[in-house]
Amino acid sequence: MVNMLSTVNGFTQTIATPVWGTISDRQKKRKYLLIPLIIIPSLIYPFFSIVSIPILLILIRGTTSFFQSGFQPITLAMASEKNDKNLNTISKELSFVNISTSTGMFLSKILLSILLISISIRASFIWLFIISLVSVIPIFFIKEKEKKCTRNDSKNLIKKLFPIIENPKPIKENGMWAIYLSAFFRQMGTTGALASLTIFMKENIGMSNSLAVGITSINPISQIISQIFSILLIKKIGDKNCNIWGIIQSGISLFIFAMAKNFFMIVIAYSILGLAYGIYINGTVTYISRNTEKNRRAEMMGMLRSFRSMGIIIGPIFSGIIIQYSYTLMFLILGAMITLSSILVFLFANNNGMEVKNVKI
C-alpha cells in the first residue's frame, strides 16, 4: 500500500506538472493560480484522518498530488522573470526558491516528529491542514507584472494541455533534451538507492530504527548549505558545469554507500548527496530558465519535474531487482548510471546567452 501511494504520487506528478505549467504560461499573472493549488490540497488533508479504505486513500493521495504538482514549476517561472538572461540574477532568485523548499523539508521532519510524539497520526493531519492553509497568505504580497498571454488554438485537447507535442522546439534547442534525460537517470538512481537505504542501514550497518530515520535529516540540511554556495558557484563556473558536477557528485555518494561499513561513512555519503542536489538543481533550473522563452517557461519547468517523477517511479523497481543479488551491486550500478548520464549534458548542452565571462566548459 505504501509503495502504491508513492507510485500514484509519482505518476500523477509526471502527467500533471507540465499541464499546470502550460496553464500558468497562459495567465497574465501566475500568482493567482497558486491560490487554488494551495487551498484545495489543504482542504483535502483532514480526509486522511477519517478515511481507512485503501482505495479511497489512493484517490485522495492522487488528488492532492495533482494540485500540489503545479506549485514548483510556477514559482520557479515567477522567480526567473526578474531578469530573463542575466546568469547571476536568475541563479540567485531561483536559488532562494529552492533554499526555502529545502528549509521547509527540514522543518517538516522536525515538526512531524514532535507531532507524532504528542498526538496521533490522524490528528497530525489537522495540524498539516492549518499550516498548509496559512501558507496561502504570502501569495497576496507577491508583486508581479502582467505578461503577454499565449494562446494555443489547437482543437486537440491533448495538444492544448501538452504543447510540447505540437511544438517540441524548446526541448530540442540548446541540448535541453540532454538536461531532461540526465535528470531522469539521476532521479532514478538516487530514488532507487534511497528507497532501500533504511533497510540497508539496519541490516548491514546495524543501526536502530530511530537512528536510521534520524540520519535522513542530514540530506535537507546539506541541500540548504549547497544551495547557498551554488549562487557563487554558478557565477564562477556557469549553470551547465554546476549541473554536471551535481550529477557526478550524486554518483560518488552512491559509490560511498556501496563501500559503507559504519555509521560515519553513511553520514558522509548522505551529506555528499545533499550537497550534490543543491548544486545540481540550481544549475539545472537556471539553465532551463535562460534557454526558454517566458511564454513556455513554467511548462518547461514542469517537464523537468515530470522527467524526475518518472525516475521516482522506476528507480525503486529497478533497485529492488538488483538488491536480490547484492546491496553493493545495486549502489555501484545506480552510481555508475548517474555518473555516466553527465556525459549527455557535457556533450550536448551549451551555454547560449550566458552573461558571464571566463566560463570553462
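Here's what I pulled together on the structure shown here. This is a predicted model, so every value here is computed, not measured.

Definitions and cut-offs
- All residue numbers here refer to positions counted from 1 along the written sequence of the relevant chain.
- Given that this is a predicted model, residues contribute local features only at a pLDDT of at least 70 and side-chain atom pairs are listed and counted only at 80 or more, while totals for whole chains, interfaces and linings are drawn from all residues.
- The basis for every side-chain value is the complete set of heavy atoms in the structure, and neither hydrogens nor water enter the calculation.
- Where helices and strands are cited, they refer to DSSP runs of H or I of at least four residues and of E of at least two residues respectively, numbered from the N terminus.
- Between the two quantities, the radius of gyration covers C-alpha atoms and the globule rule is 2.2 Å times the number of residues to the power 0.38.
- Only protein chains enter the area calculation, which uses a 1.4 Å probe; residues under 20% of their type maximum are buried, those over 50% are exposed, and those in between are partly exposed.
- Like-charged residues within 9 Å of one another, or nonpolar side chains (Val, Leu, Ile, Met, Phe, Trp, Tyr) within 5 Å, are grouped into patches, provided each residue has over 30% relative accessible area and no salt bridge.
- Note on areas: these come from Shrake-Rupley sampling with a 1.4 Å probe, and a residue is covered only by the protein chains present in the view.
- The salt bridge definition used is simple: a Lys or Arg side-chain nitrogen within 4 Å of an Asp or Glu carboxyl oxygen.
- Centres within 6.5 Å make a pair out of two Phe, Tyr or Trp rings, where for Trp the six-membered ring is used; the pair is then stacked when the planes are under 30 degrees apart, edge-to-face when over 60, and tilted otherwise.
- Here, over-ring charges are defined by two tests on the NZ atom of lysine or the CZ atom of arginine: distance to the ring centre within 6 Å, and angle to the ring normal within 35 degrees.
- Only the stretch in contact is used when a helix axis is fitted, and all axes are lines through C-alpha atoms; the angle between N-to-C directions ranges over 0 to 180 degrees.
- Each angle receives one of four descriptions, namely roughly parallel if under 35 degrees, roughly antiparallel if over 145, roughly perpendicular if within 65 to 115, and oblique otherwise.
- Every residue pair with non-hydrogen atoms within 4.5 Å of one another is taken to be in contact.
- When charges are counted, Lys and Arg contribute as positive and Asp and Glu as negative, whereas His and the chain ends are disregarded.

### Some thoughts on the overall build of the protein
Consideration 1: When helices and strands are tallied, the protein shows 17 helices and zero strands.
Consideration 2: The C-alpha radius of gyration of the protein comes to 20 Å, within 12% of the 21 Å expected for a compact globule of 361 residues.
Consideration 3: The C-alpha extent of the protein, read off along each of the three principal axes, is 55 × 50 × 35 Å.
Consideration 4: When each of the 361 residues of the protein is scored for burial, the buried share is 52%.

### Side note on a nonpolar patch on the surface
Consideration 1: The grouping of L111, I126, W127, I130, I131, V134, I137, F140 and F141 at the surface amounts to a nonpolar patch, some 890 Å² of accessible area in total.
Consideration 2: Element by element, the count of residues in the nonpolar patch is highest for helix α6 (residues 121-134), at five residues.
Consideration 3: Along the chain, W127 falls in helix α6.

### Some words on the packing of aromatic side chains
Two descriptors summarise a pair of aromatic rings, namely the distance from one centre to the other and the angle between the planes of the rings.
Consideration 1: Counted under the stated rule, the structure contains 12 aromatic pairs.
Consideration 2: Between the aromatic rings of F257 and F331, the centroid separation amounts to 5.6 Å while the plane-to-plane angle is 25°, which identifies the pairing as stacked. Here F257, found in helix α14 (residues 239-259), pairs with F331, found in helix α17 (residues 327-348); they are 74 residues apart in sequence, far enough to count as distant.
Consideration 3: Among the aromatic residues, ring-to-ring pairing joins F200, F257, Y270, Y327 and F331 into one connected group.
Consideration 4: Cation over ring: R186 sits above Y280, and NZ or CZ is 4.7 Å from the ring centre.
Consideration 5: Positioned over the ring face of F346 is K240, at 5.8 Å from the centre of the ring.

### Some details on the packing of helix α13 (residues 218-237) against α14
Consideration 1: Running from N to C, α13 and α14 point in directions that differ by 120°, and their axes come no closer than 7 Å. Considered as vectors, α13 and α14 are oriented oblique to each other. The segment α13 lies against α14, with L233, I234 and I237 engaging D239, N241 and C242.

### Regarding the side chain of R186
Consideration 1: Considering the arrangement of structural elements, one finds R186 in helix α10 (residues 176-195).
Consideration 2: One buried charged residue, R186, forms no salt bridge at all, with the nearest opposite charge on D239 at 16 Å.

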